[in-house]
Amino acid sequence: MNRFLSPAIALMLAAASAVTPANADRLVIMHTNDTHSHIDPESGGVGGILQRKAAIDSIRLAEPNTLLIDAGDFVQGSLYFYLYGGKVEQQLMNDLGYDIRILGNHEFDITADSIAKVLNGSKAELLATNYDLSRSALDGMFKPVTIKEFDGKRIGFFAINLDPEGMIAPGKADGVKYLDGIQAANAAAWWLRNIKHCDMVVAVTHIGYNTAGADLTDMTLAGNSRNIDLIIGGHSHDVVQPGMDDKQFKVRDLDGKDVVIVQTGKYGRALGKIDIDLDSLSISPSLVTIDSRFDNRTDKALAQWLQPYRQGLDSLYRQKVFAAPEEMPQDSRKLKNFLSDFMFDRAEESVGGIDLAIMNDGGIRRGLPAGNVGKGYILEMLPFGNSTVVLDIKGSDLADAFDVMAQGRVTAVSRQADVEYIPAVKSENGNTPGKITSIKINGKPIDPDRTYRIATIDYLADGGDYMTPLLRGTRIAKVGTDLAEDIADYYMHGKGRGKKIKLDDTGRFRPKS
């Protein structure tokens, strides 16, 4: 859907610039994205916000001119957020000294009202260019642009965010009005370049690098823009840097000039580092891996401040839910099958007549270890508070939903389904959408005229992850409360207590061979 810019955007831009002078011939921009409440290092020793701070501090000691930028989704994905609602992440980002931050879609998991309270304590400049926030709780907290000056060179920054529709659950972003991202970007870049005479223009985005099926990505923004030199991106969890064979980091804009695109992946595993020569305005991106080499250089006082919060996490990790016979990685078929089968079985037990269950990949935020699985792992695996719902839906509408699933965001189905598809293809020359080639439910081809009863999470039933065909279904029932809590309760206190976990590695939703 195309939205047009507010006529007042020029006035918003004119009122919003801030200039910070400094003297040197070089600027280093450090950047992160999609850290998702991952405060502690992962099991392999990668990541950790205290380790990230050590890396940032070392760069600041070596460089006279630095900026630290976050491209959104700083919350949601670990027990820190589940227990403390963003308070810990916010304090630590202040301690790391972020200069510029933008919103991600998961900032709205706790509603605009709640995230406004968390961000009220931010010491960074908050940017939002294509969100009109004037009717939301975030009103007055964000600027559309900012300008920094180093060695006489002016560098302008603005922010571009994704359309909440189809990505943010209904009611979570109340009062937020989306403005067309490409139009907003070109208007802001033109104003910064031609009116404020910026020597370089940087877009900080949370729209994804080259997501199949999405109308607005960093690739499409760059290719349809003028006056933008650099895009610091987020959302798609891609690592985009020079030297990566599968990802183009330079895209020609409408004037044939190169736009550099960077992104650091996810979970704070790496810190982006962009060296800018202020004489030539050349841009040289690189990555700093955050790992155990920074362990001995962490801020001891900050670690001590964090310790009481860690204790709350430990108590949840120790509550055994079940024993897993083997590891189930986050993107494994075994984990997807386990979760979709659980949804099916509980819905069948509660409502009856269920034909299949559907779960989204994006709702699964971590894998499960082999051996004893504590409740904390279950809560981190499914952190969004989604509940299972039952829908009655016509076969033709369900087939349309499977077409959306062929784009790759939703691929977990229960054992009753057997689906083949041609995957979506992403390239610099444009995306080719995925295509379903075969759908069987309980061994029979899908009947477009029959009504099917499916179990899924409320987020998908509400059209999330662009599953808008599910909106044509009729909601029959809600099963349980929070899916993560339902799993924990079933295996700790319900009929699943003491049962062995059976894993299935069948490819139920698979690319056509």
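Residues numbered from 1 in each chain as written. Predicted model: local features only at pLDDT ≥ 70, side-chain atom pairs only at ≥ 80, totals over all residues. Heavy atoms only, no water.

Considering the overall build of the protein
Stated precisely, the cut-off is as follows: Where helices and strands are cited, they refer to DSSP runs of H or I of at least four residues and of E of at least two residues respectively, numbered from the N terminus. For this measure, only C-alpha atoms enter the radius of gyration; the expected value for a globule follows 2.2 Å times N^0.38, where N is the number of residues. Note on exposure labels: buried denotes an accessible area under 20% of the residue type's maximum, exposed denotes more than 50%, and partly exposed covers the range between, all computed with a 1.4 Å probe on protein chains only. Every residue pair with non-hydrogen atoms within 4.5 Å of one another is taken to be in contact. Values of accessible area rely on a 1.4 Å probe in the Shrake-Rupley scheme; residue burial ignores everything except the protein chains shown.
Assigned secondary structure in the protein consists of 13 helices and 26 strands. Taking 513 residues into account, the globule formula puts the C-alpha radius of gyration at 24 Å, and the protein, at 23 Å, falls close to it. Seen through its principal axes, the protein has C-alpha atoms that stretch 70 × 50 × 45 Å. Burial statistics for the protein: of 513 residues in total, 56% are counted as buried. Put simply, 78% of the contacts in the protein that link residues at least 6 apart link residues at least 24 apart. Entry remark: accessible area of the protein is about 20,600 Å², with carbon and sulfur atoms responsible for 47%.

Describing the nonpolar core
As a rule of thumb, nonpolar side chains are buried together in soluble globular proteins. Threshold: For this analysis, a nonpolar core means a set of buried residues of the types Ala, Val, Leu, Ile, Met, Phe, Trp, Tyr and Cys, connected via side-chain atoms within 4.5 Å.
Core analysis: the largest hydrophobic core is formed by 161 residues, its most contacted members being Ile29, Phe157, Phe158, Phe322, Leu398 and Phe402. Not counting residues up to four positions away in its chain, the partners in contact with Ile29 are Leu67, Ile69, Phe157, Leu230, Ile232, Gly272, Lys273, Ile274 and Ile276.

What about the sheet that holds strand β25 (residues 474-479)?
Selection rule: At least two DSSP bridges between two strands are needed for those strands to be called paired.
Pairing is mixed across the open sheet formed by five strands, whose spatial order is β20-β17-β24-β19-β25. In this open sheet, the two strands that pair with only one neighbour each are β20 (412-413) and β25. As judged from the three bridges shared by strand β17 (residues 356-359) and strand β24 (residues 451-457), these two strands associate in the parallel manner. By the bridge assignment for β24, Leu356 is matched with Ile454.

With respect to helix α8 (residues 300-317)
What counts, and what does not: In a helix, the anticipated span is given by 1.5 Å times the number of residues less one. We define the bend at each residue as the angle formed by axes fitted to the 7 residues ending at it and the 7 residues starting at it.
In this model, α8 (18 residues) spans 24 Å end to end at C-alpha, consistent with the 26 Å of a helix rising 1.5 Å per residue. At Gln307, α8 shows its maximal kink, close to 40°; a proline, Pro308, follows between one and four residues later. When we look at burial in α8, the residues that qualify are Leu302, Ala303, Leu306, Tyr309, Gly312, Leu313 and Leu316. Tucked into the core, α8 has its buried residues touching α2 (49-62), α3 (79-84), α4 (87-96), β18 (371-374) and α10 (375-381).

What to know about the pairing of strand β1 (residues 26-32)
Which entries qualify depends on this criterion: The handedness of a crossover follows from its direction of travel: if, with the strands pointing away from the viewer, the path from the first strand over the helix to the second runs clockwise, the crossover is right-handed.
Of all seven residues making up β1, six are buried, and the element is well covered by its neighbours. Note that β1 and strand β14 (residues 270-277) share six bridges and pair antiparallel. Across the sheet, residue Ile29 finds its bridge partner in β14, namely Ile274. Strand direction decides the pairing type here: β1 and strand β2 (residues 66-70), joined by five bridges, are parallel. In the sheet register, His31 faces β2, and the bridge partner there is Ile69. As for the winding sense of the linkage, the β-α-β connection from β1 through α2 to β2 is right-handed.

Re the side chain of Ser340
Note the following rule: Polar contact is defined as a pair of N or O atoms within 3.5 Å, subject to the rule that within protein one atom must be able to donate a hydrogen and the other to accept it, and that residues adjacent in sequence are counted only when both atoms are side-chain atoms.
Within the secondary structure, Ser340 sits in helix α9 (residues 333-350). Of note is the side chain of Ser340, whose polar atom sits 3.3 Å from the backbone oxygen of Asn337. Contact partners of Ser340, with chain neighbours within four places excluded, come to Ala357, Ala412, Val413, Ser414 and Arg508.

Observations concerning the sheet that holds strand β22 (residues 435-441)
Worth spelling out the cut-off: Whenever a helix is involved, its axis is fitted only over the stretch in contact; in every case the axis is a line through C-alpha atoms, and angles between N-to-C directions fall within 0 to 180 degrees.
Judged by pairing direction, the sheet is mixed, and its four strands sit side by side in the order β23-β22-β21-β26 without closing on themselves. Of all the strands in the sheet, the pair left with one neighbour each is β23 (444-445) and β26 (509-511). When strand β21 (residues 417-422) meets β26, the two strands line up parallel, connected through three bridges. By the bridge assignment for β26, Tyr421 is matched with Pro511. Contacting β21, β22 and β26, helix α11 (residues 395-405) runs over the sheet at an angle of about 130° to β22.

Comments concerning the packing of α2 against α4
To keep things clear, this is the line we draw: By definition in this entry, angles of less than 35 degrees are roughly parallel, angles greater than 145 are roughly antiparallel, angles of 65 to 115 are roughly perpendicular, and the rest are oblique. With the far helix as reference, a near helix turned anticlockwise by less than a right angle produces a left-handed crossing, and one turned clockwise produces a right-handed crossing.
At a minimum axis separation of 10 Å, α2 and α4 run at an interaxial angle of 15°. Classed by the angle they form, the pair α2 and α4 counts as roughly parallel. Of the two elements, α2 crosses α4, and the hand of that crossing is right-handed. Taken together, the residues of α4 that come into contact with α2 (itself represented by Ile49, Arg52, Lys53, Ile56 and Arg60) are Leu92, Asp95 and Leu96.

Regarding unusual backbone geometry
Glycine aside, residues mostly have negative phi angles, and peptide bonds mostly take the trans form. Not every positive phi belongs to a glycine, and His197 is a case in point at roughly 55°. Along the chain, His197 falls in the loop between α6 (181-195) and β9 (200-206). Residues other than glycine seldom take positive phi values, yet Tyr267 does so here, at roughly 65°. Residue Tyr267 is classed as buried on the basis of its relative accessible area of 4%.

Topic: the confidence of the model for the protein
What counts is decided by this rule: Here pLDDT means the predictor's own confidence in every residue, given as a number from 0 to 100.
Per-residue confidence for the protein gives a mean pLDDT of 93; residues scoring 70 or more make up 94%. For the stretch residues 1-5, pLDDT sits under 50, and the model shows 16 contacts to residues farther than four places along the chain or on other chains.

Brief notes about the pattern of salt bridges
The following threshold applies: We count a salt bridge whenever a side-chain nitrogen from Lys or Arg sits within 4 Å of a carboxyl oxygen from Asp or Glu.
Within this structure, the stated rule accounts for 35 salt bridges. Here Lys336 and Asp361 are joined by a salt bridge, their closest N and O atoms 2.8 Å apart. Separated by 25 residues along the polypeptide, Lys336 in helix α9 and Asp361 in the loop between β17 and β18 bring together distant segments of the chain. Lys336 gets classed as buried once you look at its relative accessible area, which sits at 15%. Each of Asp341, Asp345, Arg415, Asp504 and Arg508 takes part in a single network of salt bridges with overlapping partners.

A few points about the pairing of β22
Of the strand pairs in this sheet, β21 and β22 are connected by six bridges, and their pairing is antiparallel. Of the residues in β22, the one forming a bridge with Ile422 is Lys435. Pairing of β22 with β23 involves two bridges; the strand directions are antiparallel. Bridge pairing in β23 links Ile441 to Lys444. Connecting the antiparallel pair β22 and β23 is a turn made up of two residues, with Asn442 showing a positive phi of about 55°.

Structural notes on the environment of Ala55
Checked against the element boundaries, Ala55 lands in helix α2. Sequence spacing of Ala55 and Asp291 is 236 residues, and the spatial spacing of their C-alpha atoms is 9.8 Å. When neighbours within four sequence positions are excluded, Ala55 is seen to be in contact with Leu271, Ile290 and Phe294.

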